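Letter by letter, the chains look like this.
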Amino acid sequence: MNNKLVFLGLLYFVQGIPYGLQSSLLPVYLRGAGHSLTRIGFTKMLYFPWVLKVLWAPLVDRIGTKRRWLVATVSGLALTCLTSSALAPEMHIWGVAGTLLAMNTLASVQDIAVDGAAVGLLKGRGELGLGNTAQVVGYKAGSVFAGGGLLAVIDVAGWSWMFMLLAFVYAGVALFVWGAPVLDDEPARGQQADGSRRGGQGVDALMPWRVWRKLLAVPGTAWTVLYVLTYKLGEQGAVTMFPLFLLDHHMSARELGFWNGVIAMGFSICGSSLGGLLLAQFSIGALMRRVFVLRTISMVFQSSLLTVLEPSALMKESYCAQTLAARVNNSAFAGAVTDQLCGSSVFLTDTSLRFSSEDTLHVFLGQEGMAVLSMSVQHFLGGLITTLTFTTMMHCTQRAEESIQATHYSFLATLEVLGKLMFSALAGGVVDWFGFQVAFLFFLTLSAGTALHVWTATFTGALREHQLKEQPK
């Protein structure tokens, strides 16, 4: 089991790197350059290859072996990074976009192969829980590595050395996969598949609609399709827009990168890890009922913070006035905090004004602390829900025929990405049109609707306990 977890965790780690590069760097950079939230949202279209991966998933199922696909895609990522090391991002912005698009394309193909391998390797409820924890935690760790660690490498060594480092990482993983013993029995499965293709599967390859009919006929697929399309809608809007709200009103880009990119993501990884442990002890239906209710409560808390954190003009002038009082009192830290809100230059002519800088500073830091707590709780619950969701998807896929399992899982995973991607791209426009408060009320409504959908399914639908306890023969 340990070999399986290391194998899956490492592959999902390198798979998360393109996401970390794009999600942590581009939004803050573009917002700092003055771009609208609508335009920032449209950068999510670079993830579009993840939506299309279901089109080539049948090829990964029927041609070659999972080992060969994994080695080919990871090696392709290494070559892409090696080529990108010659680019200068200031001069070749479209080249940078092309690099991220190519990395997303290769990572999406890799995802099909590693998901297919995971479906075959993981057996029983205990292995499914731990395996999906390795999947989610590995992916998020790769995202943190790219969005935090590699950005530090850029500051020290520059763009070229960062991509050289990535090229070496991918090349090492490709060599690891080539010799991984957990896939040693795969040729036997491939030969069996070849024999079956001489019968009926060859016809299916020529008539893809038959494959689609098989996919949709798998028990539980209809409910799972609706669930994966909608379960992240409200949360995704909040997770995407709340950091940009803080960037506009309270936090600097550096602070936001630390709290949202490192601390909050650490909470997300903890939530994903806890999900795997809980799945080994409790039923998935009971867990999902409770966690979705908790997520709705956390959305209420975060939405209420928008009113508390929204500074009025008088409040902002008061903060600016604190700068003078702070500097007169030789409080460099208080002055630095007020500089972030008011700007580096403050001109006051009435030096007789007296303010209680410590009281106002405590209020400011208290509000900032609530914002950080809100982001951390949201990411923790989001990580926990993600592990539960991918376990649910794998339960559903294991009811399918072995010959279409990788395609079935890729189909569900594609819809999961599509639901998040489309709403992330539109969330910025919703905020630009209606404002943060109305938009977050909309996000909260979507989150509550998903919680009701899950609650109902645990009693009368696809999440009924006796269904999820069934294991593949």
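These numbers come from a predicted model, not from an experiment.

Parameters at a glance
Residues numbered from 1 in each chain as written. Predicted model: local features only at pLDDT ≥ 70, side-chain atom pairs only at ≥ 80, totals over all residues. Heavy atoms only, no water. Axes fitted to C-alpha atoms, helices over the stretch in contact; angles between N-to-C directions. Helix = DSSP H or I, 4+ residues; strand = E, 2+ residues; numbered from the N terminus. Parallel < 35°, antiparallel > 145°, perpendicular 65-115°, else oblique. Left-handed = near helix turned anticlockwise from the far one by under 90°. Contact = heavy atoms within 4.5 Å. Nonpolar A, V, L, I, M, F, W, Y, C, P; charged D, E, K, R; others polar. Core = buried A, V, L, I, M, F, W, Y, C linked by side-chain atoms within 4.5 Å. Buried < 20%, exposed > 50% of the residue type's maximum accessible area, 1.4 Å probe, protein only. Salt bridge = Lys/Arg side-chain N within 4 Å of Asp/Glu carboxyl O. Phe/Tyr/Trp six-rings, centres within 6.5 Å; stacked < 30°, edge-to-face > 60°. Lys NZ or Arg CZ within 6 Å of the ring centre and 35° of its normal. pLDDT = per-residue confidence, 0-100.

Visitor: I'd like a description of the packing of helix α12 (residues 233-249) against helix α18 (residues 405-434), backed by residues and values.
Guide: At their nearest, the axes of α12 and α18 sit 9 Å apart, and the two run at 55° to each other. Overall, the two elements α12 and α18 adopt an arrangement that is oblique. By crossing handedness, the relation of α12 to α18 is classed as right-handed. In this structure, α12 contributes L233, Q236, G237, T240 and M241 to the contact, and α18 contributes G419, K420, F423, S424, A427, G428 and V431. By residue class, the composition of the contact of α12 with α18 is five nonpolar, six polar and one charged.

Visitor: So what's going on with the nonpolar core? Which residues, and what values?
Guide: Counting 75 residues, the largest nonpolar core has F7, L21, Y170 and Y227 as its most contacted members. For this core, the element with the highest residue contribution is helix α6 (residues 93-121), accounting for 11 residues. When near neighbours in sequence (up to four residues on either side) are disregarded, Y170 contacts V14, I17, P18, V74, L77, A78, C81 and M103. Grouped together as the second largest cluster of nonpolar side chains are 25 residues, M241, L244, F423 and F443 included.

Visitor: Describe in detail the pattern of salt bridges, supporting the description with residues and values.
Guide: Tallied over the entire structure, the rule returns three salt bridges. Here E235 ties to K232 by a salt bridge, and the two come within 2.6 Å at their closest N and O atoms. An identical accessibility class is assigned to E235 and K232; each is buried. Between E416 and K420 there is a salt bridge, and its shortest N-O distance comes to 3.0 Å. With E416 and K420 both in helix α18 and four residues apart, the pair spans about one turn of that helix. For K420, a relative accessible area of 24% puts it in the partly exposed group. Shared partners join several salt bridges into a network, and the residues in it are K232, E235 and R295.

Visitor: Kindly report on the environment of R295, identifying the contributing residues and their values.
Guide: On the secondary structure map, R295 appears in helix α14 (residues 284-309). Accessibility expressed as a relative area gives 0% for R295, which makes it buried. Separated by 83 residues in the primary sequence, R295 and Q378 place their C-alpha atoms 7.0 Å from one another. Apart from residues lying up to four places away in sequence, R295 is in contact with Y231, K232, E235, Q378, L381, I385, S447 and T450.

Visitor: I'd like a description of the packing of aromatic side chains, backed by residues and values.
Guide: Applying the stated criterion to the full structure yields 11 aromatic pairs. Ring plane angle 45° and centroid distance 5.5 Å describe the contact between F13 and F145, whose orientation is recorded as tilted. Remark: F145 occurs in helix α7 (residues 124-157) and F13 occurs in helix α1 (residues 2-15); sequence separation between them is 132 residues. Here F442 and F443 contribute two aromatic rings whose centre-to-centre distance is 6.4 Å and whose plane-to-plane angle is 45°, an arrangement assigned as tilted. Overall, the relative accessible area of 38% leaves F442 in the partly exposed class. An aromatic cluster is defined as three or more aromatic residues linked by ring pairs; in this entry it consists of F242, F245, F436, F440, F442 and F443. When the ring centre of W455 is taken as origin, the NZ or CZ atom of R289, which lies over that ring, is 5.7 Å away.

Visitor: Explain the confidence of the model for the chain to me, using residue names and the numbers behind them.
Guide: Low-confidence regions, as indicated by low pLDDT, have predicted coordinates that should not be scrutinised in detail. Here the chain shows a mean pLDDT of 74. Residues at 70 or above account for 70%. Mean pLDDT values for the elements of the chain range from 40 in helix α16 (residues 332-342) up to 91 in helix α5 (residues 66-84). The low-confidence segment residues 311-364, where pLDDT is below 50, has 45 contacts with residues more than four positions distant or belonging to other chains. Within the model, the stretch residues 468-473 combines pLDDT values under 50 with 12 contacts to residues more than four positions away or in other chains.

Visitor: Could you give an account of the side chain of S272, naming the residues involved and the relevant values?
Guide: With respect to the helices and strands, S272 occurs in helix α13 (residues 253-279). With residues up to four places along the chain from it excluded, the contact list for S272 reads T133, V136, V137, K140, G383, L384 and T387.

Visitor: Break down the side chain of T73 for me, citing the residues and quoting the values.
Guide: Here T73 is to be found in helix α5. Here T73 falls in the buried class, since its relative accessible area comes to 5%. Excluding its chain neighbours within four sequence positions, the residues that come into contact with T73 are L106, V109 and Q110.

Visitor: Let's hear about the packing of helix α11 (residues 221-230) against helix α19 (residues 436-460): which residues, and what values?
Guide: Axis angle and axis distance: for two packed helices, these are the angle between their axes and the distance between the axes, and together they describe the pair. Contact pair α11 / α19: the axes reach a minimum separation of 10 Å and the direction vectors enclose 155°. Viewed along their axes, α11 and α19 adopt a mutual orientation that is roughly antiparallel. Crossing of α11 against α19: the hand is left-handed. When α11 is examined against α19, the residues W223, L226, Y227 and T230 are found in contact with a partner set consisting of T450, H453, V454 and A457. Residue composition of the contact of α11 with α19, by class: five nonpolar, three polar and no charged.

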